[in-house]
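This is what each chain is made of:
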There are 2 protein chains.
Amino acid sequence: MTLGSIDRYAKSLIKEAGHKIRVSFFNTIEIDSKADANDLVTNIDREVEQFFISRIKRDFPEHRILGEEGFGDDIQALDGIIWMLDPIDGTMNFIHQKRNFAISLGIYVDGVGMLGYIYDVMLDDLYHATKGEGAYFNDERLPKLEITPLTDAIIGINASWVAPNRYINNEKIIELIRRCRGTRSYGSAAMELAYVSSGRLDAYMSMRLSPWDIAGGIIIAQEVGAVATNMKGETPGLLGQDTFIVARPGLHKDILTNYIRLKG
Amino acid sequence: MTLGSIDRYAKSLIKEAGHKIRVSFFNTIEIDSKADANDLVTNIDREVEQFFISRIKRDFPEHRILGEEGFGDDIQALDGIIWMLDPIDGTMNFIHQKRNFAISLGIYVDGVGMLGYIYDVMLDDLYHATKGEGAYFNDERLPKLEITPLTDAIIGINASWVAPNRYINNEKIIELIRRCRGTRSYGSAAMELAYVSSGRLDAYMSMRLSPWDIAGGIIIAQEVGAVATNMKGETPGLLGQDTFIVARPGLHKDILTNYIRLKG
């Protein structure tokens with residue numbers, strides 16, 4: 001099985017899953033909450049994850065799957081081929097807005113990201129990349145990102161990180177948002193990674209993301225020259241939650257060096 | 001000239017302007033800044049405003065026009081028929097993202113909003129309303145907004161109002177964003193008004209908006225039962241800048257009473 005044929009298979013699967021999600025709006029969606037009251041999940045998140053898993057297990061029985069809803073494998077190490085899947089990234093948007101959510105998928109071989117996908121389901125926009133072969137927005141090759149100074153940058157950051165929080169010094173974040181051109185917040189890490197990769201945002205950061213939120217997007221971002229790390233400047237962890245920042249080359253260093261002060 | 005015929009005329013004009021904007025991406029866009037370095041304007045904002053004005057002046061010579069780019073009339077009072085126009089609301093998104101901006105238009109008769117339009121140019125989505133006759137998302141009637149408690153609400157608010165600022169006590173805003181379900185920021189007041197009107201956001205607020213940012217959206221929002229005021233709870237001023245909040249019925253009162261403390 002070549003990477004190219006896995007790529008074609010994954011794209012086809014994603015499009016089929018997207019269709020299932022769009023059709024789901026004709027029926028009543030059941031909403032539950034998970035860890036906290038605002039950590040939402042629906043029957044559709046679960047059904048779409050199970051759809052992916054049943055297909056992957058049937059067609060690639062040796063591959064493992066790490067899925068947000070927990071129907072996949074118990075992944076303790078990154079050896080072999082692992083599909084890292086968020087069936088609906090931005091579930092709150094899915095419920096409240098019926099738009100602005102994405103299927104996020106990254107396929108890793110021995111811990112190295114090889115194939116990345118972010119599918120904006122309602123716009124039918126697929127961002128995708130193969131390691132070393134560039135990134136695409138649908139059929140259009142995404143250009144390498146150029147350097148942008150902070151004063152011209154739009155940063156994706158949620159208001160909650162501007163308020164006092166247990167992860168970072170928020171006074172420095174206040175300095176950051178005053179210095180940059182503007183801020184936005186879309187409520188889907190995958191969508192914001194796709195926006196950085198396509199130059200619509202210049203940076204995106206969050207203090208608490210899971211592997212499936214970023215696994216696909218990192219591969220796409222790196223193919224256009226964006227830098228993606230945790231807030232210590234290290235490769236983001238793919239076995240548990242971590243902090244996260246992705247940005248254009250020079251901007252990543254500027255933000256991390258001058259505006260991020262981790263607590264504890 | 002009936003309101004219905006002005007409505008049909010306005011819709012046609014907006015769609016034509018939208019086409020001009022979409023075509024503009026084939027050419028180089030010239031960018032200038034206005035009051036401050038991040039208050040951007042392009043040749044396209046100016047050309048689209050002039051297109052609207054030339055048509056309106058030709059076909060409705062007795063109507064007046066208040067436009068963001070200043071090519072319209074010098075409006076000191078709200079008597080007669082006034083078109084309040086933002087040719088591109090969300091110019092920063094227009095430049096950086098080539099999406100997430102809108103044409104915003106409100107038509108007022110002796111100070112009363114009669115016809116409102118928000119046109120998401122890239123999605124070809126038109127939100128529109130006629131006073132007393134309901135609001136529409138394209139051809140679909142928008143339902144009346146139901147009551148949502150703050151704990152279930154998504155609030156459109158920019159991170160800059162969570163940082164200390166000269167307009168409001170930001171400590172109370174921090175309480176607000178901790179209490180609500182989540183926050184978003186899209187960078188276009190018109191788009192965020194359209195999102196409140198269609199139930200995708202439950203509230204939207206900003207401390208500094210101009211009449212053309214909100215003139216169209218207020219009319220649409222009121223037709224679905226949203227409440228739109230300045231931060232004092234008064235009708236927003238349409239002759240100059242003002243604070244602004246729009247929200248579902250009970251939520252508007254909750255936020256204004258319990259979380260907004262104006263300075264000075």
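Residues numbered from 1 in each chain as written. Chains lettered and ligands numbered in written order. Predicted model: local features only at pLDDT ≥ 70, side-chain atom pairs only at ≥ 80, totals over all residues. Heavy atoms only, no water.

### Some thoughts on the overall build of chain A
Here is step 1: The helix and strand inventory of chain A stands at seven helices and 14 strands.
Here is step 2: Radius of gyration (C-alpha) of chain A: 18 Å, near the 18 Å computed for a compact globule of 264 residues.
Here is step 3: Projected onto its principal axes, the C-alpha coordinates of chain A cover approximately 50 × 40 × 35 Å.
Here is step 4: Counting only residues that meet the buried cut, chain A has 60% of its 264 residues in that class.
Here is step 5: The contacts of chain A with a sequence gap of at least 6 include a subset with a gap of at least 24, amounting to 60%.
Here is step 6: On chain A, roughly 10400 Å² of surface is accessible, and the fraction owed to carbon and sulfur atoms is 48%.
Here is step 7: Both charge centroids of chain A, one from 29 positive and one from 36 negative side chains, sit 5 Å from each other. (Helix = DSSP H or I, 4+ residues; strand = E, 2+ residues; numbered from the N terminus. Rg over C-alpha atoms; globule rule 2.2 N^0.38 Å. Buried < 20%, exposed > 50% of the residue type's maximum accessible area, 1.4 Å probe, protein only. Contact = heavy atoms within 4.5 Å. Areas by Shrake-Rupley, 256 points an atom, 1.4 Å probe, with all protein chains shown as cover. Lys, Arg positive; Asp, Glu negative; His and termini not counted. Charge placed at Lys NZ, Arg CZ, Asp CG, Glu CD.)

### Some thoughts on the UniProt feature "binding site: Mg(2+)" (unreviewed entry) in chain A
Residue and element names in this part refer to chain A.
Here is step 1: According to UniProt, the "binding site: Mg(2+)" (unreviewed entry) feature falls on Glu68, Asp86, Ile88, Asp89 and Asp213. What stands out for the annotated residues spanning 146 residues is how close their C-alpha atoms remain, the widest pair being 9.5 Å apart.
Here is step 2: Inspection of the secondary structure assignment puts Glu68 in the loop between strand E3 (64–67) and strand E4 (81–89).
Here is step 3: Other than its neighbours up to four places away in sequence, Glu68 contacts Lys34, Glu49, Leu85, Asp86, Pro87, Ile88 and Trp212.
Here is step 4: The residues contacting Asp86, other than those within four sequence positions of it, are Glu68, Ala102, Ile103, Ser104, Trp212 and Asp213. (UniProt positions renumbered as here; feature names shortened; annotations may be inferred.)

### Some words on the relation of the copies chain A and chain B
Here is step 1: Here chain A sits on chain B after a turn of 180° about the axis and a move of 0.0 Å along it, with an RMSD of 0.0 Å. Both copies are brought into coincidence by an operation consistent with a two-fold rotation axis.
Here is step 2: Both copies present the same face, since 97% of the interface residues in chain A are matched by interface residues at the equivalent positions in chain B. (Least-squares fit on C-alpha atoms with pLDDT ≥ 70 in both.)

### Here's the deal with the side chain of Asn158(B)
Here is step 1: Its location among the elements puts Asn158(B) in the loop between strand E10 (154–156) and helix H4 (170–179).
Here is step 2: A polar side-chain atom of Asn158(B) sits 3.1 Å from the main-chain carbonyl oxygen of Thr183(A).
Here is step 3: There is a polar contact of 3.0 Å between the side chain of Asn158(B) and the side chain of Ser185(B). (Polar contact = N/O pair within 3.5 Å; in protein donor to acceptor, adjacent residues only side chain to side chain.)

### Details of the packing of helix H1 (residues 3–24) of chain A against helix H2 (residues 43–59) of chain A
Residues and elements named next belong to chain A.
Here is step 1: Two numbers describe how H1 lies on H2: the axes approach to 10 Å, and their chain directions differ by 155°. In terms of axis orientation, H1 runs roughly antiparallel to H2. Handedness of the crossing formed by H1 with H2: right-handed. Of the residues in H2, those in contact with Tyr9, Leu13, Ile14, Glu16, Ala17, Lys20, Ile21 and Ser24 of H1 are Ile44, Val48, Phe51, Phe52, Arg55, Ile56 and Asp59. (Axes fitted to C-alpha atoms, helices over the stretch in contact; angles between N-to-C directions. Parallel < 35°, antiparallel > 145°, perpendicular 65-115°, else oblique. Left-handed = near helix turned anticlockwise from the far one by under 90°.)

### Comments concerning the pattern of salt bridges
Here is step 1: Across all of its chains, the model carries 26 salt bridges over all chains by this definition.
Here is step 2: We note a salt bridge from Asp125(B) to Arg99(A), for which the minimum N-O separation is 3.2 Å. Taken together, the residues span two chains, with Asp125(B) in strand E7 (residues 125–130) and Arg99(A) in the loop between helix H3 (91–97) and strand E5 (102–109). Across the pair, exposure class does not vary: Asp125(B) and Arg99(A) are buried alike.
Here is step 3: Three or more residues are tied together by salt bridges with common partners; here these are Lys34(A), Glu68(A) and Glu69(A). (Salt bridge = Lys/Arg side-chain N within 4 Å of Asp/Glu carboxyl O.)

### Quick word on the domain arrangement of chain A
Residue and element names in this part refer to chain A.
Here is step 1: In terms of domains, chain A is made up of domain 1 (3–141) and domain 2 (150–258).
Here is step 2: Look at where the C-alpha atoms of domain 1 and domain 2 centre, and you get two points 21 Å apart.
Here is step 3: On the side of domain 2, 24 residues touch domain 1, which itself brings 38 residues to the contact.
Here is step 4: Both sides of the domain 1 and domain 2 interface together cover about 2100 Å² of buried area, and 67% of this is carbon and sulfur.
Here is step 5: Considering only the surface of domain 1 that becomes buried against domain 2, Asp89, Ile118 and Tyr127 emerge as the three largest contributors, covering 25% of it.
Here is step 6: Joining domain 1 to domain 2, the criterion identifies zero salt bridges.
Here is step 7: Inspection of the region where domain 1 meets domain 2 yields ten residue pairs in polar contact (both at pLDDT 80 or more).
Here is step 8: Elements with a contribution of two residues or more to the side of domain 1 that touches domain 2: E3, E4, E5, strand E6 (112–120), strand E7 (125–130) and strand E8 (135–137).
Here is step 9: The dominant element in the side of domain 1 that touches domain 2, judged by the number of residues it contributes, is E6, at seven residues. (Domains from an automatic or database assignment. Buried area = accessible area lost by both parts, 1.4 Å probe.)

### Topic: the packing of aromatic side chains
Here is step 1: All told, the structure shown has 23 aromatic pairs over all chains when counted by the stated rule.
Here is step 2: When the ring of Phe94(A) is compared with that of Phe101(A), the centres are 5.1 Å apart and the planes differ by 85°; the resulting orientation is edge-to-face.
Here is step 3: Between the aromatic rings of Tyr186(A) and Tyr195(A), the centroid separation amounts to 5.0 Å while the plane-to-plane angle is 65°, which identifies the pairing as edge-to-face.
Here is step 4: Residue Tyr186(A) is classed as buried on the basis of its relative accessible area of 1%.
Here is step 5: Cluster of aromatic residues (ring-pair linked, three or more members): Tyr186(A), Tyr195(A), Tyr186(B) and Tyr195(B).
Here is step 6: The aromatic ring of Phe137(A) is capped on one face by Arg200(A), whose charged end is 5.1 Å from the ring centroid. (Phe/Tyr/Trp six-rings, centres within 6.5 Å; stacked < 30°, edge-to-face > 60°. Lys NZ or Arg CZ within 6 Å of the ring centre and 35° of its normal.)

### Some words on the nonpolar core
Here is step 1: With 142 residues, the main nonpolar core has Phe52(A), Trp83(A), Phe52(B) and Trp83(B) as its most contacted residues.
Here is step 2: Apart from residues lying up to four places away in sequence, Phe52(B) is in contact with Leu13(B), Ile14(B), Ala17(B), Leu85(B) and Ile103(B). (Core = buried A, V, L, I, M, F, W, Y, C linked by side-chain atoms within 4.5 Å.)

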